[in-house]
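# Observations on the model geometry
Given next are the chains, with one letter for each unit.
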Amino acid sequence: MGKVLIIGAGGVGTVVAHKIASLTTVFTDIMLASRTKSKCDAIADKIGGGRIKTAQVDADNVPELVKLLKSFKPDLVVNVALPYQDLHIMDACLEAGVNYLDTANYEPPEEAHFEYSWQWAYHDRFEKAGLTAILGCGFDPGVTSIYTAYAAKHHFDEMHFLDIVDCNAGDHGKAFATNFNPEINIREVTQKGKYYENGQWVITEPHQIHKPLNYPGIGPKESYVIYHEELESLVKNFPTIKRARFWMTFGQEYLTHLRVIQNIGMARIDPVLYEGKEIIPIQFLKAVLPNPGDLGENYTGWTSIGCRIKGIYNGNERSYYIWNNCSHEAAYKETGTQAVSYTTGVPAAIGAMMFMKALWKRPGVWNVEQFDPDPFMDELNRLGLPWNEKFDIDLEL
Ligand code: NDP
């Protein structure tokens, strides 16, 4: 049992708050804090029961964060604000003696580039302070990393080829919208492609490699190799992997909008002068795009995310596919958000539970695949993200 502070009141924060509030035997006190307190209040009111306290905080302001941490005294911070805040929140956790969990690795605001090195550099400080930091506990990274750890533990002697496949076959009825924070999402999907092969990173043009893949219950969807952060930690933590790639589905309409947004300069992350004031085009764009947290109401269809793995077991070649399908409508019914927020928020809540139950508690900074996957996998089935697995099938890859 323990106290938790959730930072960030967007789509993901909404789901984390719902799930954590429902786990009454694990979390005694819950606070939801974000830049805009009214958003926290609205979430807390909707959940009801007086379970959730709220607060205003600028998570880029370390002294302000430390003050909040020292007054509320949580055991754990669940950071579901933006990746820009990761290091500030980790600094505040160290100063106030609080454990840490997030769903996305640090990204500097002025450069569309993400990697774990900045957060891994905190390992010794967290270890010395006797504090646990759990990195990347959403769906991807998060569940995909735990699926890989589970496969390594139970089904392979050596994993050789890992393909993470992420399909959103949902329809939100809008001409263009992103499923999580538009700024972070557009920065991620417009980057060059990158995958790992034989000890090296191979760089491609954006969306250069693509092919249709079949998703269970959905059918074929054009899938594109993009770079995704869990590849970095997975090839390090499972060194028998020879090739690791991440595939994401995009519709033609989405890609056309994306191309236009880039061509007209609206994806720029450098400041431009507008009527005597500096603005960052992608941040302005975020202000006019649909709020991902509000897409749920008319969202139909499913997401399907999983890992397709080939390797050796008991001297024989083996292929393995493990995945979850999540319904946008069911996610909305339960939490008022769509499946992308749901599939991120539920694992973050489970990770918080793993920490509170001392199942995932080890001083230092860790990626989720470095903990025992089994208790987490059990909770996925209980808390709304059941998984399926198939052996020795054609993985199409
Ligand atoms: P939203 O943009 O909907 O929500 C972000 C929240 O963080 C908002 O409430 C925002 O406040 C708050 N915030 C931003 N800056 C600050 C700050 N300086 N201080 C305090 N609060 C701040 O994003 P999502 O909910 O869609 O995503 C949340 C996180 O989840 C992101 O980091 C994203 O990358 C990650 N994610 C991870 C996935 C995974 O599978 N691992 C998948 C999807 C998302 P305000 O309302 O005032 O803007």
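Every chain begins its residue count from 1, and numbering advances along the sequence as written. Confidence filtering applies because this is a predicted model: local features only for residues at pLDDT of at least 70, side-chain atom pairs given and counted only at 80 or more, and all residues used for totals across whole chains, interfaces and linings.

### Brief notes about the domain arrangement of the protein
Rules: Residue ranges assigned to each domain were obtained from an automatic or database domain assignment. Note on contacts: each residue gets a C-beta atom placed from the backbone, and two residues are in contact if those atoms are within 7 Å.
Assigned domains of the protein: these are domain 1 (2-135) and domain 2 (143-335 + 384-391). One C-alpha centre belongs to domain 1, the other to domain 2, and the line joining them spans 24 Å. On the domain 2 side, the residues contacting the 14 residues of domain 1 number 12 residues.

### Describing the sheet that holds strand E6 (residues 132-135)
Our working rule: Note on pairing: DSSP must find at least two bridges between two strands before they are called paired. Strands are runs of DSSP state E lasting at least two residues, helices are runs of H or I lasting at least four, and both sets are numbered from the N terminus onward. Where helices are involved, their axes are fitted lines through C-alpha atoms of the stretch in contact, as for all axes, and angles between N-to-C directions lie from 0 to 180°.
One open sheet accounts for 7 strands, arranged E3-E2-E1-E4-E5-E6-E17; its pairing is parallel. The sheet is open, and its two edges are formed by strand E3 (52-56) and strand E17 (364-367), each paired on a single side. Between one strand axis and the next, the sheet turns by 20° as a mean value, whatever way the strands run. With 5 bridges joining them, strand E2 (residues 27-34) and E3 adopt parallel strand pairing. Among the inter-strand pairings, Ile30 is bridged to a residue of E3, identified as Ile52. Strands in contact with helix H2 (residues 37-47) are E2 and E3; relative to E3, the strand with the most contacts, it is inclined by about 175°.

### Notes on unusual backbone geometry
Formally: To sort residues by burial, count the other C-beta atoms lying within 10 Å of each one's C-beta; a count of 20 or more means buried, 12 or fewer means exposed, and anything in between means partly exposed. C-beta atoms are built from the backbone.
A cis amide bond links Asp140 to the next residue, Pro141, at an omega of 10°. For Pro141, the location among the structural elements is in the loop between E6 and helix H7 (143-154). The phi dihedral of His207 is positive, around 60°, even though this residue is not glycine. Although it is not a glycine, Asn314 adopts a positive phi angle of roughly 50°. When the 7 C-beta atoms within 10 Å are taken as the criterion, Asn314 is described as exposed.

### Observations regarding helix H12 (residues 328-335)
Which entries qualify depends on this criterion: Along the arc lie the directions from the helix axis toward the C-beta atoms.
Buried within H12 we find His328, Ala331, Tyr332 and Thr335. Mapping the buried residues of H12 onto a view down its axis gives an arc of 100°, with all of them on the same face. The inward-facing, buried residues of H12 contact helix H1 (11-22), strand E15 (302-313), strand E16 (316-327) and helix H13 (339-356).

### Thoughts on the site of the ligand
For clarity, the threshold we go by: Being near a molecule or strand means, for a residue, that its C-beta atom, positioned from the backbone, comes within 6 Å of it. Classification convention: Asp, Glu, Lys, Arg as charged; Ala, Val, Leu, Ile, Met, Phe, Trp, Tyr, Cys, Pro as nonpolar; all other residues, Gly among them, as polar.
Around the ligand, the structure places 34 residues, and the nearest of them are Gly10, Val12, Ala59, Gly138 and Phe180. Those elements that place two or more of their residues in the shell around the ligand are H1 and H13. Looking at the shell around the ligand, its residues break down into 15 nonpolar, 14 polar and 5 charged. When we break the shell around the ligand down by domain, the ones giving at least three residues each are domain 1 (2-135) and domain 2 (143-335 + 384-391).

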